[in-house]
Amino acid sequence: MTSVLRHLSQMALKSLRPIVLCGPSGSGKSTLLQRMMREYPDTFGFSVSHTTRKPRPGEVDGVHYHFTTKDQMLEAIRAGRFLEHATFSGNTYGTSKAAVEDVKKAGKICVLDIDTQGVKQVKQTDLNPWLIFIEPPSLEVLEARLRARKTETEDSLAQRLNVAREEMEYGKTSGNFHVIITNDDLDEAYDKLKKFLEENVFEKKYRTVLYPGGRFYSKTVR
Ligand SMILES: Nc1ncnc2c1ncn2[C@@H]1O[C@H](COP(=O)(O)OP(=O)(O)OP(=O)(O)O)[C@@H](O)[C@H]1O
């Protein structure tokens, strides 16, 4: 009996409910994710996306992307095997249900870094992820950060800022996300993300309480 109780008291329940990080380009998703992965290297995993674009030198099929053809991808989308997909500059990208399952099978919480169009699609599926929106303090700060990142041309910058306006509106609409994190000071933003994860995502341990008479029940503790 004692050993059963000890076992139960050490048992941990992890739902492996996926998390989605969404936010305008430049809002700081990758920066926050990098920190999160550094702090919790064994807890989270990224799903491998599919793409119809050709592999770049050094990219490995099944590691960086699942490289596929337009026809195959279209057929899989039609068959409902994708959670979300989008086309950029003629190439289609998407997250398959199987790719998310693979992360779960490895015992990890799947992290999806997707835009608001992707979030709208995911909401139509039974994935039921935690939805986290990362917003910049303002569009001016967003522009300054994108410029400082030196990854954009004037055209792509203007395009990203245009999309950002719409994404901010969707992100801030009540009920669309479980939490909105303003990424002004990075440490504060990360603390807020961590608090959300601790309160909602991480394993909840069961403490077994023994009643007089030998009956026991399990109580969730944080
Ligand atoms: N709190 C912050 N304060 C100052 N700079 C920041 C902060 N957060 C992120 N940055 C910087 O802003 C730039 C954009 O951040 P990041 O690349 O993480 O954004 P992103 O949302 O992942 O963008 P994309 O969707 O385009 O990949 C980076 O150069 C990053 O170092």
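All figures in this text were calculated on a predicted structure; none of them were measured in a lab.

Caption draft 1: How the structure looks around the site of the ligand. Taken together, 14 residues lie around the ligand, and S25, K29, S30, T31 and N183 are the ones closest in. Take R149: an N or O atom from its side chain is 2.8 Å from an oxygen atom of the ligand. Measuring from a nitrogen atom of the ligand, one finds a side-chain N or O atom of N183 at 2.8 Å. Contact with the protein chains hides 71% of the accessible area of the ligand, taken as 640 Å² for the molecule alone. Secondary-structure elements contributing two or more residues to the shell around the ligand are helix 2 (29-39) and helix 6 (139-149). Ranked by residue count, the leading element in the shell around the ligand is helix 2, at three residues. Class assignment for the residues of the shell around the ligand results in two nonpolar, seven polar and five charged.

Caption draft 2: Quick peek at the packing of aromatic side chains. Summed over the entire model, instances satisfying the criterion amount to nine aromatic pairs. Among the aromatic residues, ring-to-ring pairing joins Y65, F67, F88 and Y93 into one connected group. A cation over a ring is seen here: R17 above W130, with NZ or CZ 3.9 Å from the ring centre. Stacked on the ring of Y170, the Lys or Arg K120 has its end atom at 4.8 Å from the ring centre.

Caption draft 3: The arrangement of the nonpolar core in detail. One finds I19, M36, F44, I132, L193, L197 and V201 to be the most contacted residues of the largest nonpolar core, which totals 22 residues. Residue assignment for this core shows that the elements contributing at least two residues are strand 2 (19-22), helix 2, strand 8 (109-113), strand 9 (130-135), strand 10 (179-182) and helix 8 (186-201). With six residues, helix 8 is the largest single contributor of residues to this core. For L197, the contacting residues outside a window of four places in its chain are I19, M36, F44 and F202. Ranked by size, the runner-up nonpolar core spans 15 residues in total, among them V20, L83, L112 and L127.

Caption draft 4: Examining helix 4 (residues 97-105) more closely. Turning to helix 4, its buried residues are A99, V100 and V103. All buried residues of helix 4 project into a common sector of 100° when viewed along the axis, lining one side. Those residues of helix 4 hidden inside the fold are in contact with strand 3 (44-46), strand 6 (82-88), strand 7 (91-96) and strand 8. Following helix 4 by one or two positions, G107 adopts a phi angle in the positive range, close to 80°.

Caption draft 5: Inspection of the sheet that holds strand 9 at higher detail. One open sheet accounts for five strands, arranged 3-8-2-9-10; its pairing is parallel. Here the strands that pair on one side only, and so sit at the sheet edges, are strand 3 and strand 10. Ignoring which end each strand starts from, the neighbouring axes of this sheet average 30° apart. Pairing analysis gives four bridges linking strand 9 to strand 10, with the strands arranged parallel.

Caption draft 6: Spotlight on the side chain of T116. Residue position: T116 is located in helix 5 (residues 116-122). Among the residues examined, T116 registers a relative accessible area of 4% and is labelled buried. Among the polar contacts made by the side chain of T116, one reaches the side chain of E167 at a distance of 3.0 Å. Apart from residues lying up to four places away in sequence, T116 is in contact with C22, F133, E167 and Y170.

Caption draft 7: Here's a closer look at unusual backbone geometry. Of note, S89 is a non-glycine position whose phi angle comes to about 45°, a positive value. Within the element layout of this structure, S89 appears in the loop between strand 6 and strand 7.

Caption draft 8: Structural view of the pattern of salt bridges. Enumeration over the complete set of coordinates arrives at nine salt bridges. Here R160 ties to E152 by a salt bridge, and the two come within 2.7 Å at their closest N and O atoms. Among the residues examined, R160 registers a relative accessible area of 32% and is labelled partly exposed. In the salt-bridge network here, residues are joined through shared partners; they are E143, R147 and E154.

What counts and what doesn't
- Residues numbered from 1 in each chain as written.
- Predicted model: local features only at pLDDT ≥ 70, side-chain atom pairs only at ≥ 80, totals over all residues.
- Heavy atoms only, no water.
- Near = heavy atom within 4 Å.
- Polar contact = N/O pair within 3.5 Å; in protein donor to acceptor, adjacent residues only side chain to side chain.
- Areas by Shrake-Rupley, 256 points an atom, 1.4 Å probe, with all protein chains shown as cover.
- Helix = DSSP H or I, 4+ residues; strand = E, 2+ residues; numbered from the N terminus.
- Nonpolar A, V, L, I, M, F, W, Y, C, P; charged D, E, K, R; others polar.
- Phe/Tyr/Trp six-rings, centres within 6.5 Å; stacked < 30°, edge-to-face > 60°.
- Lys NZ or Arg CZ within 6 Å of the ring centre and 35° of its normal.
- Core = buried A, V, L, I, M, F, W, Y, C linked by side-chain atoms within 4.5 Å.
- Buried < 20%, exposed > 50% of the residue type's maximum accessible area, 1.4 Å probe, protein only.
- Contact = heavy atoms within 4.5 Å.
- Arc of directions from axis to C-beta.
- Pairing = 2+ DSSP bridges.
- Axes fitted to C-alpha atoms, helices over the stretch in contact; angles between N-to-C directions.
- Salt bridge = Lys/Arg side-chain N within 4 Å of Asp/Glu carboxyl O.

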